Amino acid sequence: MVIKYLIEKEFKQMFRNKFIPKLIIAFPFIALIILPMAANMEVKNVNLVVIDNDHSSFSQQITQRLAANPSMTLYGMCQTYEQALHLVEESKVDVIVIIKNDLEKELSIAMALNGQVSLGKDDAKIFVAANSVNSVKGTMGAMYVVNIISNFLTEQQHNLQQTQSPLEISSFYAFNPRLEYKYFMVPALMVMILTIICGFLPALNIVGEKESGNIEQINVTPVKRFTFILSKLIPYWIVGTIVISIGFFVAWLIYGIVPLGNFLTIYVLSWLFILCVSGMGLLISNYFNTYQKAMFIMFFLLMILLLMSGMFTPFSSMPVWGQYIGRLSPLKYYIESMRAIYLKGSTFLDLMPQICSLITILLVLNTWAIFSYHKKK
Amino acid sequence: MKQLRSFIAKEFKHIFRDVPTMLILFIMPVAMMFLFGYALSNDIKHSSYGIVDMSHDSFSRDFMHKVENSEFFRLHKEYASISEVMSAFRKGEIQVAVIIPANFKQDMLHLNRSALQIYADASNPNMAQQLVSYLGSFCNQALAQSKEFSAQSQSSDLVRMHLLYNPQMNSSYSMVPAVMGLILALVCAMMTSVSIVREKERGTMELLLASPIKTIYIIIAKLSPYFMLSCINFVTILIVGHFVMGVPVNGSLFWIAALGLIYIIVSLSFGLLVSTVVQSQLAALLISGMVFMMPSMILSGMMFPLENMPLLLQFISVITPARWFIGTMSKLMIMGVEVKYILKEMGVLLIMATGLIIISLKNFKQRL
Amino acid sequence: MENDNVIIVRHLSKHFGNFKAVDNISFEVKKGEVFGFLGANGAGKTTAMKMLCALSKPTSGSAFVAGYDISTNPNKIKARIGYMSQKFSLYEDLSVFENIKLFGGIYGMKRKDIENNANILLERLEMTEERNTMVKSLPLGWKQKLAFSVAVFHQPQIVFLDEPTGGVDPITRRRFWEMICETAATGITVFVTTHYMDEAEYCNRVSLMVDGQIAALDTPNALKTQFNVQSMEEVFFQIAGKAKRGEGL
């Protein structure tokens, strides 16, 4: 078996390379440890400044309530809006709360009249201004502030009238009751590991043999091209499988995340996905014959595919044209499946649409890769 | 000087003749901007929801009608039980479901109390929270509309929110500086280091160094096309961002350009530094990718807020040039702050630039 | 005798658009011969050789290598030839023995034979101590000798050498040619391209390509007599001087 010798050679070269083994070990750790730590969209440390023109006990209560919230930090009080704006420009403050001078007076009148906290449309008494350039902290922070104040006002109202809201809405968060963002990210991160190890590294390897001229030597030997390519892919398939297995272990070790579904489903889907990205890598290596170009196109692809596959933002929030592009990406189906298997315990039957899509993409990419390979020679 | 000029011309030809690469190079930033600006958002739109209606009364009709008219949700199906809802979650059919108990309206009318349940697929926790609160508010609105119940509206128009600088919450605003940070890092650091190492690998670098041309000229000649490309990209992003996507340019153009230049220099000298320490293109690619690109993406604050990160990551982010560039650029462009507010950031970038240049020049002479 | 010819070329042509890289060439190479394939850069040597190695298909004409048609049986041919290119193409990040083992394995040799023959080979090359050295740290001359030995390690019928001695010092070159002659003596046919005319003297027969055609083909001595000159160098200048194509095409 010729392929045995070729695979042996690939493994030797892989482990002798100064960077690849380090990458193979470091990458899952970086992906699984640093990314979930960094990818934390919680709103925290929102810096507030309050301009209290009312100076009433009511306005003070609001300020206290805001300051007591664990995700808010009261930077201080200000006299004028200009002062506060300067603080924003210096990036010391994210949200400005302005309380108008007649808040308490108007409120007590309104409550006495209507029995509820509601004023006319243009009679806003509290303004919340947020620096929306920093979208997470500014915008989300402002919404938090508004919520805190609204809740406070509602409470006041119920205290006054001694009533309770008639409609009680209870919410159940299935599959992730503690609402951990990590549970959402970690299963999906395997997609990055596999795309790079099983898709891009073998492609770079083939491009490398082209650049060094070694491929010419192989071409005059009786080794079939298919065998040669296969000998390039198999080591990375093996390494990829081992690395995600380590990934599953790390996910359990650090985050205690274990899949609800079974491992057979996970591995079958991972393998379908591996075949997809291998085909993609081969295509790249067919069309681009220098590292620089290959790397460039890979980066571009990775960026677009990752972002359009629902990795960070919900797929359904994209406009229709974006969803069409996203549907072409194998990453989308793998990310969906991994999240579903891990968190919801989905089975083969549940994931039929994803499996079919992956198989279609896999066939198209690999047929195209084989076709374009033969056309070149 | 003439030598240098002909040398630079050679490098330019080398790169600009490569049409496919050029094409990608110019399409990429624009494509990324459109992606970030138009395609990606966290807003709820057309999310599939389900309903388990055990009471079949006017409330559920009102509710569905109310929800139907919004662009946030569309009804996927009516389910018979909670277990059916759970299996729909597993298939990914719906993300959220409302369970209306039997005798909902009766309870409401006679006891003046009733309870609803909202089930959400919390595998995406942020989304789940938003969905639950949106759907909850629809329930309240539907209830308020049902004439049979006294209007118990919630507070309030008392609090008004105002978003400074970006009242429409246009995500393209924060994206333009971020795309700049990434593209410039890619073109400068990655492409430069790979292209220099390529010459090393092929042995042509030795040839150049053996010639009587001064080392500094070789470096300048190698870097200048990428410098040009980065400048063109920088301007393209600025123009497309402003005129096509309507991102304001409120600060002084002079300082925007100055900041861009400093960042380009930092990235270029990082690319140069990488090219002096590694011997193979693959290594150059991996190092500039792992040490420069990855942190630029995840630790620069463009995707995730820095304050929430553990201390170690915050420390790493301090030495990531993109962190100092992206935030500062948005302050300059969108907030239009005066220079005095960004002196610190500019200073940090300048120190980085000087340090990197000194180290890489020293390395270049010793190692090559 | 027909059977003695391991390479038979009949009216072989390769066109790239209007450009006739190889234009209707015909010749034979006998078993055990050292056949020099000379020509200026761009004369079409490499293109012709690529066709003979079944790397590219001819536009017209036919050729038989080791008894097989290059158009219909490329893999049969590939199994029976060895090849060493002008670019050094062993794997630099594999050791000496690993390279031998790899190519032995590729040509379907048995593991035991590889082991035994490799030891004999290394001894003959006086490289036994370098068995586990990475190829990239060997001096260029050694690399080239090794590449040649690897190309004939599986006992091919013919070995193609594409400018094998580029950039090597004269002593190593001489040693290299001794190896070539020793190899030919064991019955392996050597087909070699070169542009060092002094090397042509080592060949049994040489052909000279000009503008895609074979301008002369005979033993070196016969050619020298025919053109009435002292060295192959002068033969070359007389023939190649008529070339219409410029250098470096």
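Residues numbered from 1 in each chain as written. Chains lettered and ligands numbered in written order. Predicted model: local features only at pLDDT ≥ 70, side-chain atom pairs only at ≥ 80, totals over all residues.

1. A short note on the overall build of chain B
Convention followed: Helix and strand definitions follow DSSP, with helices as H or I runs of at least four residues and strands as E runs of at least two, each counted in order from the N terminus. Each radius of gyration reported is based on C-alpha atoms, and the globular scaling rule is 2.2 Å times the count of residues to the power 0.38. Three exposure classes are used, based on other C-beta atoms lying within 10 Å of a residue's own C-beta, which is placed from the backbone: buried for 20 or more, exposed for 12 or fewer, and partly exposed in between.
When helices and strands are tallied, chain B shows 14 helices and 5 strands. For 368 residues, the compact-globule estimate of 2.2 N^0.38 gives 21 Å, and the C-alpha radius of gyration of chain B, at 28 Å, exceeds that figure by more than 25%. Along the first, second and third principal axes, the C-alpha atoms of chain B reach 100 × 45 × 40 Å. Among the 368 residues that make up chain B, the fraction classed as buried is 45%.

2. Observations regarding the overall build of chain C
Stated precisely, the cut-off is as follows: The contact criterion used here is simple: two residues whose C-beta atoms, placed from the backbone, lie within 7 Å are in contact.
Secondary structure summary: chain C contains 9 helices and 10 strands in total. A total of 249 residues make up chain C; the buried ones form 43% of that total. For chain C, contacts bridging at least 24 residues in sequence account for 68% of all contacts bridging at least 6.

3. Overview of the domain arrangement of chain B
What counts is decided by this rule: An automatic or database domain assignment is the source of the domain bounds shown.
Here chain B is partitioned into domain 1 (2-39 + 170-367) and domain 2 (47-145). Put simply, the middle of domain 1 of chain B and the middle of domain 2 of chain B, counted by C-alpha atoms, are 49 Å apart.

4. Focus on the interface of chain C and chain A
Across the boundary between the two partners, chain C contributes 19 residues, which contact 15 residues of chain A. Of all elements in the fold, only α2 (74-80) and α3 (96-106) of chain C reach the threshold of two or more residues within the side of chain C that touches chain A. With 5 residues, the single largest contributor to the side of chain C that touches chain A is α3(C).

5. Topic: the interface of chain A and chain B
Which entries qualify depends on this criterion: When residue character is reported, Ala, Val, Leu, Ile, Met, Phe, Trp, Tyr, Cys and Pro are called nonpolar, Asp, Glu, Lys and Arg charged, and the others, Gly included, polar. Think of it this way: DSSP has to see at least two bridges between two strands before they count as a pair.
Across the contact, 87 residues belong to chain A and 91 residues belong to chain B. Within the residue set of the side of chain A that touches chain B, elements represented by two or more residues are α2 (20-38), α4 (81-89), β4 (126-131), α6 (135-161), β5 (167-174), α7 (181-212), α11 (291-308) and α13 (330-344) of chain A. The biggest single contributor to the side of chain A that touches chain B is α11(A), with 12 residues. Class assignment for the residues of the side of chain A that touches chain B results in 51 nonpolar, 21 polar and 15 charged. Bridge count for β4(A) against strand β5 (residues 159-164) of chain B is 6 bridges, and the pairing is parallel. Directly across from A:A130, in β5(B), lies its bridge partner B:L163.

6. Some thoughts on the pairing of strand β2 (residues 72-77) of chain A
All names here are of chain A. How we decide: Whether a crossover is right-handed depends on one test, that the path from the first strand over the helix to the second runs clockwise when the strands point away from the viewer.
Of the pairings in the sheet, the one linking strand β1 (residues 46-52) to β2 comprises 5 bridges and is parallel in character. Bridge assignment links V46 to a residue of β2, and that residue is M72. In this fold, the crossover linking β1 to β2 by way of helix α3 (residues 57-68) has right-handed handedness.

7. Concerning the sheet that holds strand β1 (residues 5-16) of chain C
Residues and elements named next belong to chain C. Strand order in the open sheet formed by 4 strands is β2-β1-β4-β5, with antiparallel pairing between adjacent strands. Only two strands of the sheet have a single neighbouring strand rather than two, namely β2 (19-30) and β5 (68-69). Here strand β4 (residues 60-65) runs beside β5; their pairing, made up of 2 bridges, is antiparallel. The partner of F64 across the bridge, within β5, is D69.

8. So, the confidence of the model for chain C
Residues and elements named next belong to chain C. In plain terms, the rule: You can read pLDDT as the predictor saying how much it trusts each residue, on a scale of 0 to 100.
Residue-level pLDDT values for chain C average 87, and 96% of them are 70 or greater. When the elements of chain C are averaged for pLDDT, helix α9 (residues 232-240) gives the smallest value, 83, and β4 the largest, 92. The ipTM, which scores confidence in the relative placement of chains, is 0.80 for this predicted complex, and the corresponding pTM is 0.83.

9. Brief notes about the packing of α7(A) against helix α10 (residues 263-287) of chain A
All names here are of chain A. Stated precisely, the cut-off is as follows: Note on method: axes are straight lines fitted to C-alpha atoms, helices fitted across the in-contact stretch only, with angles between N-to-C directions ranging 0 to 180 degrees. Relative orientations are named as follows: roughly parallel for angles under 35 degrees, roughly antiparallel for angles over 145 degrees, roughly perpendicular for angles from 65 to 115 degrees, and oblique for any other angle. For any pair of crossing helices, the crossing counts as left-handed if the nearer helix is rotated counterclockwise from the farther one by less than a right angle, and right-handed if it is rotated clockwise.
Contact pair α7 / α10: the axes reach a minimum separation of 8 Å and the direction vectors enclose 30°. Between α7 and α10, the angle falls in the class roughly parallel. α10 is crossed by α7, and the crossing has right-handed handedness. Judged by residue contacts, L194, T195, C198, G199, F200, P202, A203, I206 and V207 of α7 engage S270, F273, I274, V277, S278, M280, G281, L282, I284 and S285 from α10. Considered class by class, the residues forming the contact of α7 with α10 number 13 nonpolar, 6 polar and no charged.

10. Re the confidence of the model for chain B
Residues and elements named next belong to chain B. The pLDDT averaged across chain B works out to 83; a share of 95% of its residues lies at or above 70. β5 is the least confidently modelled element of chain B, averaging 74 in pLDDT, while helix α10 (residues 253-277) averages 93, the highest of any element. Segment residues 150-156: pLDDT under 50, and 17 contacts once partners within four positions in sequence are set aside and those in other chains are kept.

11. Details of the environment of C:F148
All names here are of chain C. Checked against the element boundaries, F148 lands in helix α5 (residues 140-151). Accessibility expressed as a C-beta count within 10 Å gives 22 for F148, which makes it buried. Separated by 12 residues in the primary sequence, F148 and F160 place their C-alpha atoms 9.7 Å from one another. Residues within four places of F148 in sequence aside, it is in contact with M84, P164, F176 and M179.

12. Describing helix α3 (residues 58-68) of chain B
Residue and element names in this part refer to chain B. Using the following cut-off: Summarising the geometry, the arc corresponds to the directions from the helix axis toward the C-beta atoms.
Those residues of α3 lying buried are F59, S60, F63 and V67. Angular distribution of buried residues about the axis of α3 spans 95°; they occupy a single face of the element. Every exposed residue of α3 that faces more than 90 degrees away from the buried side is listed here: H65 and E68.

13. Focus: helix α6 (residues 170-185) of chain C
Residues and elements named next belong to chain C. The criterion, for reference: Multiply 1.5 Å by the residue count of a helix minus one, and that product is the helix's expected span.
Counted at 1.5 Å a residue, the expected span for α6 with its 16 residues is 22 Å, and the 23 Å between its end C-alpha atoms agrees. Listing the buried residues of α6 in full gives R173, W177, I180, T183 and A184. Summarising the axial view, the buried residues of α6 lie within an arc of 115°, below the 170-degree limit, and thus occupy one face. Residues of α6 that are exposed and point more than 90 degrees away from the buried face comprise I171, E178, E182 and A185. Positive phi shows up at G187, right after α6, with a value of about 105°.

14. Quick word on the sheet that holds β5(B)
Taken in spatial order, the 5 strands of this open sheet run β2(A)-β1(A)-β3(A)-β4(A)-β5(B), and their pairing is mixed. Edge positions in the open sheet fall to β2 of chain A together with β5 of chain B, since each of these has one partner strand only. The sheet shows a mean angle of 25° between the axes of neighbouring strands, taken without regard to direction. The sheet strands contacting α4(A) are β1, β2, β3 (95-99) and β4 of chain A together with β5 of chain B, and the helix crosses β1(A) at an angle near 170°.

15. Regarding unusual backbone geometry
Located in the positive-phi region is A:L179, a residue other than glycine, with phi close to 55°. You can see A:L179 is positioned in the loop between β5 and α7. Residue classification places A:L179 among the partly exposed positions, given that 16 C-beta atoms sit within 10 Å. At C:N24, a residue that is not glycine, the phi angle is positive and equals roughly 55°. Judged by the 14 C-beta atoms lying within 10 Å of it, C:N24 is partly exposed.

16. A closer look at the packing of helix α1 (residues 2-16) of chain A against helix α9 (residues 225-255) of chain A
Residues and elements named next belong to chain A. With their axes 9 Å apart at the nearest point, α1 and α9 run at an angle of 45° to one another. By the angle between their directions, the pair α1 and α9 is classed as oblique. Viewed along their axes, α1 and α9 form a crossing whose handedness is right-handed. Touching V2, I3, L6, I7, E10, F11 and M14 of α1 are T227, F228, L230, S231, K232, I234 and P235, all from α9. Here the residues of the contact of α1 with α9 are counted per class, giving 10 nonpolar, 2 polar and 2 charged.

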